[in-house]
Amino acid sequence: MKRPLLALITLVCCGLVAAQTGDKQPSVIMAPVSNVQLHADGSADLALDFRIDPEFHINSNKPKADYLIPTVLTLNPSEPVMVADIKYPTGEDMSFAFSPNEKLSVYSGDFSINLVLKAPVNAAAGTYLVSGKLRFQACDRSACYPPRSIPVQFQVAVIKK
Amino acid sequence: MQRNVVVFVTLVVVIMGMLTAGNYLDRRRKHGPIKLVGDVRNVPAPDFELSALDGRKVKLSDFRGQAVLLNFWATWCPPCKIEMPWFADLQKQYGKDGLVVLGVAMDDTDSAKIAEFAHEAGVNYPILLGTDRVSDDYGDVRSLPTTFYIDRKGIIVAKVVGLLDREEIEDDARKALGNYKSDGAPASRAAAGGKTGQAEAGAE
């Protein structure tokens, strides 16, 4: 009986604290990545899954105008792991109500970025960290928010053949 | 157990208070008190001095006696780009009546790119280079576009966050000029925070 009460109080208090820290800001979160295995002299496909707050969208990797800020994933793998390819999803077309002819290419809801990881033949077995960031610029149905980055991090287990 | 709940709630309240006070004191230490929060209508617009694209310094108080449409925007903001030609039209139409449009660019990019973007958008009014200070003074402007309509005495008559249609923008500009026959619509938008713009999504 007391535990649900405590949980409720905690939730309410967290909400109040969040309300104190400013107005709403768009957020993008990455799903945890687990069990990435890569053979020496081999390659592995990996999908990084992201979720955007429901009321927001972000530019795709290929927005339709030069002035827009694309979503870009930057990764810094620890040797011997290499990121051989980053494949972004195709954006969804949208336009603002007062300018229906100007199309934007955006991601909304859930989207995945697909990676191809590689390791050389002489790669030593072990667990290696790949870290980096996802940079994006978000808008809602009438306003836009400054570009932001979120950290991206996962581990890759290299296995000897 | 009841004592534990009381202790827990007290702790959370104390932490909330410390967070709020910390946030406030940090901002106050950096820039002085935050001037514009909540409903900003009938509040004096904070004065500022910003650099224009041509290098000259521009103060809001330079325009006392004129109505000012103060538009915060950025080059990466599609709805801002939609509004800019409308503001240019309003500057042409109401400039002789005393309306001054001022754009405040909140970009990190260099001023040459801002100037090129403004030129392509048909801007015919001064573009000023925004700072964190002016953003904080106007209530921590993060959502763009955000537009303040300021009357001839320097009092804010409306604040609009997000994209509206041209007629609604013109209504607010006329209200700042003092020749607006109010039907109540702009005032209710400002009180609601102004987020009334819309976008359409659909497949190509």
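No experiment lies behind these values; they were computed from the predicted model shown.

### Details of the overall build of chain B
1) Next: Counting its regular elements, chain B contains 6 helices and 8 strands.
2) Next: Listing every helix and strand of chain B by position from the N terminus yields α-β-β-β-α-β-α-β-α-β-β-α-α-β.
3) Next: In chain B, buried positions account for 36% of the 204 residues.
4) Next: For chain B, contacts bridging at least 24 residues in sequence account for 73% of all contacts bridging at least 6.

### Re the confidence of the model for chain B
Residues and elements named next belong to chain B.
1) Next: The pLDDT averaged across chain B works out to 81; a share of 70% of its residues lies at or above 70.
2) Next: A low-confidence stretch, residues 28-34 (pLDDT under 50), is modelled with 7 contacts involving residues beyond four sequence positions or located in other chains.
3) Next: Segment residues 181-204 is flagged for pLDDT under 50; beyond a separation of four residues in sequence, or across chains, it makes 52 contacts in the model.
4) Next: The ipTM assigned to the predicted complex is 0.79, against a pTM of 0.77.

### Structural notes on the pairing of strand β8 (residues 104-108) of chain A
Residues and elements named next belong to chain A.
1) Next: Among the 5 residues that make up β8, 4 are buried, leaving the element largely enclosed by the rest of the structure.
2) Next: Pairing of strand β4 (residues 57-59) with β8 involves 3 bridges; the strand directions are antiparallel. For H57, the partnering residue across the bridge sits in β8 and is S108.
3) Next: Alignment of strand β7 (residues 92-96) against β8, held across 3 bridges, turns out to be antiparallel. What sits directly across from D93, in β8, is S105.

### A word on the sheet that holds strand β10 (residues 126-136) of chain A
Residue and element names in this part refer to chain A.
1) Next: Strand order in the open sheet formed by 4 strands is β2-β12-β10-β5, and the pairing between neighbours is mixed. The sheet is open, and its two borders are formed by β2 (36-39) and β5 (72-77), each paired with just one other strand. Taking each pair of neighbouring strands and ignoring which way they run, the sheet shows an average axis angle of 30°.
2) Next: Pairing analysis gives 4 bridges linking β2 to strand β12 (residues 148-159), with the strands arranged parallel. Paired with Q37 across the strands is A157, a residue of β12.

### Side note on unusual backbone geometry
As a rule of thumb, non-glycine residues mostly have phi less than zero, and peptide bonds are mostly trans rather than cis.
1) Next: With an omega of 15°, the peptide bond running from E79(A) to P80(A) counts as cis.
2) Next: Assignment of secondary structure puts P80(A) in the loop between β5 and β6 (82-87).
3) Next: Here the bond from L144(B) into P145(B) is cis, since omega is 0°, no more than 30 degrees from zero.
4) Next: One can find P145(B) in the loop between α4 (132-137) and β6 (146-150).

### What to know about helix α2 (residues 78-94) of chain B
1) Next: With 17 residues, α2(B) ought to run about 24 Å at 1.5 Å a step, and its terminal C-alpha atoms sit 25 Å apart, in line with that.
2) Next: When the local axis directions of α2(B) are compared, the greatest deviation, roughly 25°, occurs at M84(B), which is followed within four positions by the proline P85(B).
3) Next: Among all positions in α2(B), only P78(B), P79(B), C80(B), K81(B), I82(B), E83(B), M84(B), F87(B), L90(B) and Y94(B) are buried.
4) Next: Along its buried surface, α2(B) packs onto β7, β8 and β11 (138-139) of chain A together with β3 (67-73), β4 (99-105) and α5 (166-177) of chain B.

### Quick look at the pairing of β10(A)
Residue and element names in this part refer to chain A.
1) Next: Across 6 bridges, β5 lies against β10 in antiparallel orientation. Within β10, the residue paired with P77 across the bridge is V130.
2) Next: Looking at chain direction, β10 and β12 are connected through 11 bridges and run antiparallel. Opposite T127, over in β12, you have A157 as the bridge partner.

### Concerning the environment of Y125(B)
1) Next: When you line up the elements, Y125(B) lands in the loop between α3 (111-120) and β5 (127-129).
2) Next: Dropping the residues within four chain positions of it, Y125(B) is found in contact with F87(B), A88(B), Q91(B), V101(B), L102(B) and G103(B).

### Points about the environment of M94(A)
1) Next: Among the structural elements, M94(A) can be located in strand β7.
2) Next: Taking the C-alpha atoms as reference points, M94(A) and P54(A), separated by 40 residues in sequence, lie 15 Å from one another.

### Brief notes about α3(B)
At 3.6 residues per turn, the α-helix brings residues three or four places apart onto the same side.
Residues and elements named next belong to chain B.
1) Next: Where α3 is concerned, the buried positions are I114, F117 and A118. Angularly, the buried residues of α3 cover 100° about the axis, an arc narrow enough to put them on a single face. For α3, exposure combined with an orientation more than 90 degrees from the buried face picks out A112, E116, H119 and E120.
2) Next: Count one or two residues on from α3 and you reach G122, which has phi positive near 80°.

Here is what the cut-offs are and how they apply
- Residues numbered from 1 in each chain as written.
- Chains lettered and ligands numbered in written order.
- Predicted model: local features only at pLDDT ≥ 70, side-chain atom pairs only at ≥ 80, totals over all residues.
- Helix = DSSP H or I, 4+ residues; strand = E, 2+ residues; numbered from the N terminus.
- Buried ≥ 20, exposed ≤ 12 C-beta atoms within 10 Å, placed from the backbone.
- Contact = placed C-beta atoms within 7 Å.
- pLDDT = per-residue confidence, 0-100.
- Pairing = 2+ DSSP bridges.
- Axes fitted to C-alpha atoms, helices over the stretch in contact; angles between N-to-C directions.
- Expected span 1.5 Å × (residues − 1).
- Bend = angle between axes of the 7 residues up to and from the residue.
- Arc of directions from axis to C-beta.

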